[in-house]
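# An overview of the molecular structure
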Amino acid sequence: MIRTELLKPDNSGITRAARLLADGALVAFPTETVYGLGADARNNLAVARIFEAKGRPRFNPLIVHVATTDIARNYVAWSDQAEALAHAFWPGPLTLVLPLRADAGLSDLVTAGLPSLAIRVPAHPLAHRLLTAFGGPVAAPSANPSGRISPTTAAHVLAGLSGRIAAVLDGGACPVGLESTIIGLTDDTPVLLRHGGLPVEDVAMLLPAAPVQNTSPVILTAPGQMESHYAPAARLRLNAASPKPDEAMLGFGAMDCDLNLSPREDLAEAAANLFPHLHSLDARHVAGIAVSTIPERGLGRAINDRLRRAAAPRP
Ligand code: TXA
Ligand code: MG
């Protein structure tokens, strides 16, 4: 056990967080999507500690976070499609998977030996300041124990990982609340690898053709693509009109319920509330959580993806 430092979002907190990263320690930090568990992406031992702290069963590939698009180009083979998406959506909740450059100098654990790299430029001001102060690439999965709900506050991070990581940089609640949308650009045809905080409709508008949904078994080991994931302890029942006696109700739209994702049916608000509301209902130790129907459009696709995984049979 180590004592996990809770760092304030000021200059001294950021300097301390950057120092810890440089020393090979793990630092959780806020992004606009969810809190990431960061390590120096060039340091094998530091990256290995991520898997140890999360209790991840396998060495799945990780997303590398950098401060600017110019820096990202040092690690991946750039393309016109990458430029179009980065120009429109970085910094922001979009991850691009591109061919790894031979001279990237990253730990092999980051890519799990794949010839491609997932990379993004986060929009959260604290993430940007930390990346700039550290001055290197930061590998970061969501800062939760493997298989559990992603954290959107520093308190969520501490509840799952206190004693196992060096520090948490406290930036309050994450504004988007869902992990980044992941687009694969390793072939001519863009591939949607994960629904997330950027609606896929927005991505499609900038590409010659809409990204095709990933069906390749090659990367099915990636956690965002496993059937059961993002799971609360309570069992989830989707598309529920009303709760059963032993269930709490997670609502959407004007209705009577225990917690409401968005009474005014705003999908961005629902996305930001999804993980925090699942965390709080779970903390009530209810047997089950009944969830209202969420429309399958825009951010609703990512919300439904996370809900289906949370409801899937556990391994
Ligand atoms: O919003 C986010 O993306 C958050 C914040 C912290 O940035 N991070 C996150 O990381 O969600 P994680 O480890 O929970 O999910 C990483 C996902 C994997 O599930 C996998 O689908 C994809 O990134 N991935 C990483 N490298 C890949 C690669 N080379 N090819 C295909 N997919 C890859
Ligand atoms: Mg995750």
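Cut-offs and rules
Residues numbered from 1 in each chain as written. Chains lettered and ligands numbered in written order. Predicted model: local features only at pLDDT ≥ 70, side-chain atom pairs only at ≥ 80, totals over all residues. Heavy atoms only, no water. Axes fitted to C-alpha atoms, helices over the stretch in contact; angles between N-to-C directions. Helix = DSSP H or I, 4+ residues; strand = E, 2+ residues; numbered from the N terminus. Parallel < 35°, antiparallel > 145°, perpendicular 65-115°, else oblique. Left-handed = near helix turned anticlockwise from the far one by under 90°. Contact = heavy atoms within 4.5 Å. Nonpolar A, V, L, I, M, F, W, Y, C, P; charged D, E, K, R; others polar. Near = heavy atom within 4 Å. Polar contact = N/O pair within 3.5 Å; in protein donor to acceptor, adjacent residues only side chain to side chain. Areas by Shrake-Rupley, 256 points an atom, 1.4 Å probe, with all protein chains shown as cover. Buried < 20%, exposed > 50% of the residue type's maximum accessible area, 1.4 Å probe, protein only. Arc of directions from axis to C-beta. Core = buried A, V, L, I, M, F, W, Y, C linked by side-chain atoms within 4.5 Å. Domains from an automatic or database assignment. Buried area = accessible area lost by both parts, 1.4 Å probe. Salt bridge = Lys/Arg side-chain N within 4 Å of Asp/Glu carboxyl O.

## Brief notes about the packing of helix α1 (residues 11–22) against helix α6 (residues 125–134)
A packed helix pair is summarised by two numbers, namely the angle formed by the two axes and the spacing between the axes. Interhelical geometry of α1 versus α6 gives an angle of 55° and a closest axis separation of 9 Å. What the angle tells us is that α1 and α6 run oblique. At the point where α1 passes α6, the crossing takes the right-handed sense. Judged by residue contacts, Asn-11, Ile-14, Ala-17, Ala-18, Leu-21 and Ala-22 of α1 engage Leu-126, Arg-129, Leu-130, Ala-133 and Phe-134 from α6. Residue classes in the contact of α1 with α6 are distributed as nine nonpolar, one polar and one charged.

## Considering the site of ligand 1
Ligand 1 sits among 25 residues. The nearest are Thr-33, Arg-56, His-65, Ser-180 and Arg-194. Take Ser-116: an N or O atom from its side chain is 3.0 Å from a nitrogen atom of ligand 1. Residue Arg-194 places a side-chain N or O atom 2.9 Å away from an oxygen atom belonging to ligand 1. For ligand 1, whose free accessible area comes to 680 Å², the fraction covered by protein is 99%. Contributing elements (two or more residues each) for the shell around ligand 1: β4 (63–65), β6 (116–120) and β10 (191–194).

## A few points about helix α2 (residues 44–54)
Among the residues making up α2, those that are buried are Ala-46, Val-47, Ile-50, Phe-51, Ala-53 and Lys-54. The buried side chains of α2 occupy one side of the element, clustering within an arc of 170° when seen end-on. Residues of α2 that are exposed and point over 90 degrees away from its buried face: Leu-45 and Glu-52. The secondary structure elements touched by the buried residues of α2 are β3 (36–40), α5 (108–111), β7 (138–139) and α7 (154–161). At the C-terminal side of α2, Gly-55 shows a positive phi close to 65°.

## Quick look at the nonpolar core
Counting 47 residues, the largest nonpolar core has Leu-37, Leu-85, Leu-94, Leu-96, Ile-119 and Ile-165 as its most contacted members. Of all the secondary structure elements, the ones that give two or more residues to this core are β3, α2, α4 (80–89), β5 (94–99), α5, β6, α7 and α8 (200–204). Other than its neighbours up to four places away in sequence, Leu-94 contacts Leu-85, Phe-89, Ile-119, Arg-120, Ser-180, Thr-181, Ile-183, Leu-198 and Val-203. Of all hydrophobic cores here, the second largest spans 25 residues; its members include Leu-178, Ala-234, Leu-261 and Leu-299.

## A closer look at the domain arrangement of the chain
A common way to express how large an interface is: the accessible area buried when the components associate. Domains assigned within the chain are domain 1 (5–213) and domain 2 (235–311). Each of domain 1 and domain 2 was reduced to a C-alpha centroid, and the two centroids are 26 Å apart. The partner domain 2 presents 15 residues to the 20 residues of domain 1 that form the contact. When the buried surface of domain 1 facing domain 2 is broken down by residue, Ile-149, Leu-178 and His-195 rank first, second and third, together holding 43% of it. In this structure, Glu-179 and Arg-306 form a salt bridge, with 2.9 Å as the shortest nitrogen-oxygen distance. On the surface where domain 1 and domain 2 come into contact, there are six residue pairs in polar contact (both at pLDDT 80 or more). Taken together, the residues that form the side of domain 1 that touches domain 2 break down as nine nonpolar, seven polar and four charged.

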